[in-house]
Every structure is written in C-alpha cells, then in structure tokens.
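Summary of the model geometry
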Amino acid sequence: MLLQISEPNSTDNAARERKRGLGIDLGTTNSLVATKSEQGADVIGDASGTRLVPSVVNFNGGVKVGVAALDLAVSDVRNTVLSAKRFMGRSRDDLSEAQLLGLAGTDPLAFDTGDGPKTPVEVSSEILRALAARARDSLEEQEEGVVITVPAYFDDRQRQATRQAAEFAGLNVLRLLNEPTAAAVAYGLDETIAESSVVAVYDLGGGTFDISILRMERGLLRVLATGGDSALGGDDFDEVIVSWMVDQWALIDLTRDQQRRLSVTARAIKERLSESSEVSIEASGEFAHLEDLSVTRETLASLCKGLIQRTLSACDQALGDADVTEVAHVVLVGGSTRMPVVHDAVAQYFGREPLCSLNPDEVVALGAALQADILVGNGDGDEALLLDVIPLSLGLETYGGLI
Ligand code: ADP
Ligand code: MG
C-alpha cells in the first residue's frame, strides 16, 4: 500500500506561525477593533457586518454593550452609561457640574446604575471585553496582545486608568499608542516621511475635536503639540440643524421626546448630505401638519461655518505652540471629517489635500493593528519600533506654557 505523505505547504505554515495582535480604538462615541492579516489591516465586524461599536454600556441585571445598550439610551437613561472616556482617570475636582450629575456619591467616582456604582474603568473594561470577544469569535483564535489608543493629551492618570480597564478585561496590553500617531501609522507615514517633516492630525469625532502636530525626529513620530475642544464635535452639527428646523417650522415648546426625534433626524440629514447635495425632510406623525423641507449641502455649510471656524482657530493655536509653519501631511480622522464642508475647510486652511483614503472613523484602529502586529513579533525586524513618547515628558512638552 502506498501512503501519500504530504507536507503542509509553506503559506499554511506561515499562517499558523503568525501571531495575533489586536488594535483597539477605545473612543468617546464609538470603539472598534482591528487586526492585521496577510491582506493588510482591517476592522473586525460583528456577525451582521457592523464595524463600529457604540461606546455605550447598560447595567441592569446584566451587561449590554454597543448597539444593544445604545437602544436603551432613551428608555433606560439611568442604567445606560455613555461617553465614559471623558471620566477616565479623573476626580470630582476635574469635572464640571453638568458632568457630576448622574454620578453616584461614591469615591472613587462612579456611575449610579441598577447593578450598583460602576467606575469609568469598569465601564471601559466592559467595552474592551466586548471588542476582544468579537475578535476571538470572528478569528477563532486567542490574541497574544493588544495595542490600545488614547488621546495624545491623556495624562498619566488617564493612561493608567486605560491600562487598568484592559487588565480588568483580562487583556495583555502591548502598548498604549497616541491616537494621532496611530492615524499617521495607518497611512505609513512613520516609514515614508523625511526626518523633521511635520504631520497635522485633524480629528473631529462625535463630541470632541483634537488637533495634534507631530514631527519625525530620529525615526520617531514625536507629538509637538496638541489642542482642540473637548465640547465640539458632530453632535454640535446635529444641534445647529435642529435649531434650523425649529426656525423653519416655527416650533415652540418641544417635549424631550420631540427634541430627541429632531436630533436623530438631524444626524441622518447631516450624514446623508456627505453623499448627496440635497435632502428632503418629510414631516410625518405628530409633525405631519408642517410643510416638507429641503436642505442643501450649501445650507448645511453655512450653518456649520462657525463651528468649523472654531476648529481652525484651535489649529492656529496648536501650530503656534508647536512653533511650526510648514506642514508636510494632513491626516483626517473622525466620522465628522466625512462632511465635504469640513474636508474643504481643512484643505484650504493647510493649503494641501488631506489624506482621507482610509475611513476616517477606522484609521486609528488600523494604525493600532499595524503596531500590534509588529509588537507580537510578526515584523521582519526592520520596522522602527515606534516608541511613543512617555506621557509625563509629553505632558510637559505638549502643554508648554499652559502647565
Ligand atoms: P469618536 O471618535 O468621537 O468616538 P467618531 O469618529 O466615530 O467618534 O465620529 C462620530 C461622529 O461622526 C458622529 O457625530 C457622526 O454623526 C459623524 N459621522 C459619521 N459618519 C458621517 C458622515 N457620513 N457624514 C457626516 N458625519 C458623519
Ligand atoms: Mg475617535
């Protein structure tokens, strides 16, 4: 009898030897997990293909994360925690009165929920746990370690809190990486740009705006300055559209529910206007007596002008702090940079076409996945191991005169 002995072919071998690293963007509004395979870095979706995980957790006799929790954000306000990232590593003294509402009277600071007080670290650890579970289910494999991104301006306590959240979730943290650095890595800028070239990363998300100025120094991308506005983002664009609708229809005394409906409509209009030049709003249900409205991209642009101008003023400030005049690359990050009016304003401000070929809400996770892949040992050894500047010295440099 002949026994045929076959050798596993070499690509199979390589696939088996490849270690798994995950990149996680733990965002204020949305979070996501990505990984690098032979085909390159990609975001991991759920069974239905949805890639973004809303950074929302519901605690009520069980834990729900993401879309399932967001669905409860209106009907179960008390037990649903949104934007926990804003509270990471913070104490009562750091927070505004508005932020303190809804917190339990406990120390350390915690959200009051049906399952007792939950700290921001615990909330974030649930999001991280859900992201890792999604990756393991989809890849049918346990990861070696993860790279988690944090805002460049996060101080030591905020970074420590992020690490702790990952520990609670049982994750092996290879490194925390600055979000703007991750975005630059996703575009390969860490490997391609010349010494002392400057990169500006413009990140307009759901509730925050961050501008970061990076410079290539001895093979490392160093953060020269950060700036922005922690209360300016896509939500504010939604609100100007709501005000416009209220004006057009001369609405008065809206209930909370009606306001919520208008906000949801406004967000849909805004996102649709990134693809189409005009959108019509059909008044229905309790608004049925009102005439239909039409919004053009130009209308949206003029409504948003002031908000966009505020982001550009923050860019002025950051460029001044960094003491740079010449920017080699501009990277767009955050879902709100999908708005053509934002893209055009940024292009005009910096006098160059920004990098935007990757999905702006995925680019941070993709960069983190590339770093994770190298850190678990899949690189060929030539990659510069992008050591992110340590937070303490970063804080001093970043805030310069401000500290
Ligand atoms: P964060 O980094 O704050 O967690 P994201 O980068 O995911 O959040 O940005 C979320 C914001 O992006 C929301 O305000 C959302 O309405 C906005 N957004 C997403 N897609 C589009 C689009 N196509 N056009 C305009 N805005 C968009
Ligand atoms: Mg973000």
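Here we summarise the structure given alongside this text. (Residues numbered from 1 in each chain as written. Chains lettered and ligands numbered in written order. Predicted model: local features only at pLDDT ≥ 70, side-chain atom pairs only at ≥ 80, totals over all residues. Heavy atoms only, no water.)

Focus on the site of ligand 1
The environment of ligand 1 is made up of 17 residues, and the closest members are Thr 29, Asn 30, Lys 270, Glu 271 and Ser 274. In the model, an oxygen atom of ligand 1 is placed 3.5 Å from a nitrogen or oxygen of the Thr 28 main chain. Contacts to ligand 1 include Ser 336, whose backbone N or O atom sits 3.3 Å from an oxygen atom. Look at ligand 1: alone it shows 590 Å² of surface, and the protein chains cover 91% of it. Of the residues assigned to the shell around ligand 1, the class counts are 1 nonpolar, 11 polar and 5 charged. (Near = heavy atom within 4 Å. Polar contact = N/O pair within 3.5 Å; in protein donor to acceptor, adjacent residues only side chain to side chain. Areas by Shrake-Rupley, 256 points an atom, 1.4 Å probe, with all protein chains shown as cover. Nonpolar A, V, L, I, M, F, W, Y, C, P; charged D, E, K, R; others polar.)

A short note on the packing of helix 6 (residues 179-186) against helix 12 (residues 363-375)
Close contact between helix 6 and helix 12 brings their axes to 7 Å; oriented N to C, the two are set at 75°. The pairing of helix 6 with helix 12 is recorded here as roughly perpendicular in orientation. Residue-level inspection shows Glu 179, Ala 182, Ala 183, Val 185 and Ala 186 of helix 6 in contact with helix 12, the latter providing Val 363, Val 364, Leu 366, Gly 367, Ala 368 and Leu 370. Of the residues assigned to the contact of helix 6 with helix 12, the class counts are 9 nonpolar, 1 polar and 1 charged. (Axes fitted to C-alpha atoms, helices over the stretch in contact; angles between N-to-C directions. Helix = DSSP H or I, 4+ residues; strand = E, 2+ residues; numbered from the N terminus. Parallel < 35°, antiparallel > 145°, perpendicular 65-115°, else oblique. Contact = heavy atoms within 4.5 Å.)

A word on the pattern of salt bridges
Inspection of the entire model under this criterion finds 20 salt bridges. With a closest N to O distance of 3.8 Å, Asp 112 and Arg 78 form a salt bridge. Here Asp 112 is found in the loop between helix 3 (97-100) and helix 4 (120-139), whereas its partner Arg 78 is found in the loop between helix 2 (67-70) and strand 7 (80-82), with 34 residues between them in sequence. The network of salt bridges with common partners includes Arg 18, Lys 36, Glu 38 and Asp 373. (Salt bridge = Lys/Arg side-chain N within 4 Å of Asp/Glu carboxyl O.)

Some remarks on unusual backbone geometry
Within the chain, Ser 83 stands out as a residue other than glycine whose phi angle is a positive 50°. Within the fold, Ser 83 resides in the loop between strand 7 and helix 3.

Some thoughts on the nonpolar core
One finds Tyr 202, Ile 211, Ile 213, Met 245, Trp 249 and Phe 350 to be the most contacted residues of the largest nonpolar core, which totals 48 residues. The next biggest cluster of nonpolar side chains, apart from the first, holds 34 residues, and it includes Val 81, Phe 87, Ala 132 and Leu 176. (Core = buried A, V, L, I, M, F, W, Y, C linked by side-chain atoms within 4.5 Å. Buried < 20%, exposed > 50% of the residue type's maximum accessible area, 1.4 Å probe, protein only.)

What to know about the pairing of strand 1 (residues 21-25)
When you tally the buried positions in strand 1, you get 5 out of 5 residues, the bulk of the element. Of the two faces of strand 1, the one holding Gly 21, Gly 23 and Asp 25 and the one holding Leu 22 and Ile 24 are both buried throughout. Pairing analysis gives 4 bridges linking strand 1 to strand 2 (residues 30-37), with the strands arranged antiparallel. Bridge pairing in strand 2 links Asp 25 to Leu 32. (Pairing = 2+ DSSP bridges.)

A closer look at the pairing of strand 12 (residues 220-229)
In summary, the side chains of a regular strand alternate between the two faces of the sheet. When strand 11 (residues 209-217) meets strand 12, the two strands line up antiparallel, connected through 9 bridges. Note that in strand 12 the partner of Ile 211 across the bridge is Gly 227.

A short note on the packing of helix 8 (residues 234-248) against helix 9 (residues 256-272)
Across the interface, helix 8 lies against helix 9 with an axial gap of 8 Å and an inter-helix angle of 110°. The angle between helix 8 and helix 9 falls in the class roughly perpendicular. Packed against helix 8, whose contacting residues are Gly 234, Phe 237, Asp 238, Glu 239, Ile 241, Val 242, Met 245 and Val 246, the element helix 9 presents Leu 262, Ser 263, Ala 266, Arg 267, Ile 269 and Lys 270 at the interface. Along the lines of polarity and charge, the residues of the contact of helix 8 with helix 9 split into 8 nonpolar, 2 polar and 4 charged.

Considerations on the state of the cysteines
Counting across every chain of the model gives 0 disulfides. Among the cysteines around Cys 304, which has no disulfide bond, Cys 315 carries the closest sulfur, lying 16 Å off. Note on Cys 356: no disulfide assigned, nearest cysteine sulfur contributed by Cys 315 at a separation of 16 Å. (Disulfide = S-S within 2.5 Å.)

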